[in-house]
Every structure is written in structure tokens, then in C-alpha cells.
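Spelled out, the chains give:
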Amino acid sequence: GLEIRQPLVDRANKWAGELGVSGQVHYRFTNVSVSLAGLLQAYPGPVSSLAAQFPDPHFKKRHKKRRMVQASVVQAARELLVPGGQVFLQSDVYSAVVAMRDEFEQYAGDILQLSPLHSAAATFQWTPEQEAAAAAASEQPSDVARRQQQQQQQQQESAEQPISDAQSSSSSGGSSSSSEKG
């Protein structure tokens, strides 16, 4: 992983060591937009995937130059990704992920394709229908399906509850008031 803040790099490498994965995972202090091409060229194997996850959004126009995904990053990715390689973009800020996607479309749209699973609607507006379809594909119940099952169970349980003596006498023509017997 690449990170521009040294304390986060130190902490992440420490955690990797504590978890016993430091041989498979390593974090490096660097500015991605300046040094990605050199780092990737020095990488000993093929580069099959890149991920940009939750970068600082830098909302102001004057700070646009600080965004992680810029033309230089996209061009480095374009040159070094193997055919069929993947780029994963993730943010909790809508405008940030759209800006990242737009950079890739502008500078590498001729060779990179947006996954059909990530159309504008699927990526940014997860509907209950899409959630149910994804859950069905993964054989896991979706939150929507789980809520529907719970509601159906509650309705069945309330319909199956035994009728009390007072309710049965009122339904058979007796008194309509129900009082508890003590």
C-alpha cells in the first residue's frame, strides 16, 4: 500500500507484522501522484490490479492538484497494467469517486472498460432490487430480503397465535369485551 502520511505507514506496517503477514503486505511512504510510475516499473512482477481507496477528496478547486488520481497516475496505470487488469476505485464521497472515474475515462477510456456491474446506477445508487439480485447471485440473503422474511415471520406468528377464551366467545356470539381473568 502507498500512503502520503508517515505515521499511517508506520502503523499499518506494525499491524502487518503483528498479524504475521508482513511478507505479503507492505506499506510505503510516498506521494502516489509523483512516484507511482517509478514504483510500478520497479515492481518485480506483472501488475494486475490497482486500488484507490478513500483518498482525501480535496473539494476546493485550488486543491485539485492534491488529488491522488490525476493524469500521471492514470497514465502510469495504463502503461503498466496487464491486459485484463483491474482498477478499483472507492470513496465515501460521491464527488471524489466520480472525479476518479472521470480521470480514468479521460486518460485511459480507450483501453479500460467500466465493468457492467458498475454502471452509474449500480455504483452510486444501490437500489433494493440490485441488492436482492446481488444477494441471490452470492447465495446470501440481502438486507431487504432479510427484512421481508422477518416481516413475513411476524405476520405468520401473529396469525398463528392461539385465540384466547374471551376472543373465542366474542367470535361465537358472546360478549365483545375481553377482560383478563385473575
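Bear in mind that the values here come from a model prediction, so they are computed numbers and not experimental data.

### Digging into the overall build of the protein chain
1) Next: When helices and strands are tallied, the protein chain shows eight helices and four strands.
2) Next: Starting at the N terminus and walking to the C terminus, you meet the elements of the protein chain as β-α-β-α-β-α-β-α-α-α-α-α.
3) Next: Counting over 182 residues, the protein chain shows a buried share of 19%.
4) Next: Per element, the accessible surface of the protein chain, about 13600 Å² overall, is 50% carbon and sulfur.

### Here's the deal with a positive patch on the surface
1) Next: Judged by side-chain charge, Lys-60, Arg-62, Lys-65 and Arg-66 come together as a positively charged surface patch.
2) Next: With respect to the secondary-structure elements, Arg-66 resides in the loop between β3 (47-53) and α3 (71-80).

### Overview of the confidence of the model for the protein chain
Any segment with low pLDDT has predicted coordinates that should not be analysed in fine detail.
1) Next: Here the protein chain shows a mean pLDDT of 75. Residues at 70 or above account for 70%.
2) Next: For the protein chain, per-element mean pLDDT is lowest for helix α5 (residues 120-124), which scores 44, and highest for helix α1 (residues 6-18), which scores 94.
3) Next: Note on residues 121-126: pLDDT under 50 across the span, and 13 contacts to partners over four residues away in sequence or across chains.
4) Next: Contacts from residues 168-182, a stretch scored under 50 in pLDDT, to residues over four places away or in other chains number six contacts.

### Some thoughts on the environment of Met-100
1) Next: Along the chain, Met-100 falls in helix α4 (residues 94-108).
2) Next: A residue is classified by how much of its surface remains accessible, and Met-100, at 4% relative accessible area, is buried.
3) Next: Separated by 43 residues in sequence, Met-100 and Pro-57 have C-alpha atoms that sit 9.8 Å apart.
4) Next: Residue contacts for Met-100: discarding those within four places in its chain leaves Ala-52, Pro-55, Val-69, Leu-89, Gln-90 and Ser-91.

### Focus on α3
1) Next: Those residues of α3 lying buried are Val-73, Val-74, Ala-76 and Ala-77. Around the axis of α3, the buried residues are gathered within 160 degrees of arc, so they sit on the same side.
2) Next: Where the residues of α3 are buried, they touch α2 (32-42), β3, β4 (81-90) and α4.

### Here's the deal with the pattern of salt bridges
1) Next: In the structure shown here, the tally under the stated rule is five salt bridges.
2) Next: Note that Glu-105 is salt-bridged to Arg-101, the shortest N-O span being 3.9 Å. Residue Glu-105 and its partner Arg-101 are located together in helix α4, separated by four residues, close to a single helical turn.
3) Next: Each of Arg-101, Asp-102 and Glu-105 takes part in salt bridges that share partners, so that together they form one network.

### Details of the nonpolar core
1) Next: Among the nonpolar cores identified, the biggest contains 17 residues, and Leu-36, Leu-50 and Val-69 are the most heavily contacted of them.
2) Next: Ranked by residue count, the leading element in this core is α4, at five residues.
3) Next: Setting aside residues no more than four positions away along its own chain, Leu-50 makes contact with Leu-40, Ala-77, Leu-81, Gln-86, Val-87 and Phe-88.

### Looking at the packing of α3 against α4
Between two packed helices, both the angle of their axes relative to each other and the distance between the axes serve to describe the pair.
1) Next: Their axes nearest at 9 Å, the elements α3 and α4 cross at an angle of 60 degrees. What the angle tells us is that α3 and α4 run oblique. The two elements α3 and α4 meet at a crossing, and its hand is right-handed. Contacts between α3 and α4 involve Ala-71, Val-74, Gln-75, Ala-77 and Arg-78 from the first element and Glu-103, Phe-104, Tyr-107 and Ala-108 from the second.
2) Next: Of the residues that constitute the contact of α3 with α4, the class distribution is six nonpolar, one polar and two charged.

### Let's talk about the side chain of Ser-33
1) Next: Within the secondary structure, Ser-33 sits in helix α2.
2) Next: Polar side-chain contacts of Ser-33 include one of 2.8 Å to the side chain of Asn-31.

Criteria and cut-off values
- Residues numbered from 1 in each chain as written.
- Predicted model: local features only at pLDDT ≥ 70, side-chain atom pairs only at ≥ 80, totals over all residues.
- Heavy atoms only, no water.
- Helix = DSSP H or I, 4+ residues; strand = E, 2+ residues; numbered from the N terminus.
- Buried < 20%, exposed > 50% of the residue type's maximum accessible area, 1.4 Å probe, protein only.
- Areas by Shrake-Rupley, 256 points an atom, 1.4 Å probe, with all protein chains shown as cover.
- Patch = residues over 30% accessible without salt bridge, like charges linked within 9 Å, V, L, I, M, F, W, Y side chains within 5 Å.
- Salt bridge = Lys/Arg side-chain N within 4 Å of Asp/Glu carboxyl O.
- Lys, Arg positive; Asp, Glu negative; His and termini not counted.
- Charge placed at Lys NZ, Arg CZ, Asp CG, Glu CD.
- pLDDT = per-residue confidence, 0-100.
- Contact = heavy atoms within 4.5 Å.
- Arc of directions from axis to C-beta.
- Core = buried A, V, L, I, M, F, W, Y, C linked by side-chain atoms within 4.5 Å.
- Axes fitted to C-alpha atoms, helices over the stretch in contact; angles between N-to-C directions.
- Parallel < 35°, antiparallel > 145°, perpendicular 65-115°, else oblique.
- Left-handed = near helix turned anticlockwise from the far one by under 90°.
- Nonpolar A, V, L, I, M, F, W, Y, C, P; charged D, E, K, R; others polar.
- Polar contact = N/O pair within 3.5 Å; in protein donor to acceptor, adjacent residues only side chain to side chain.

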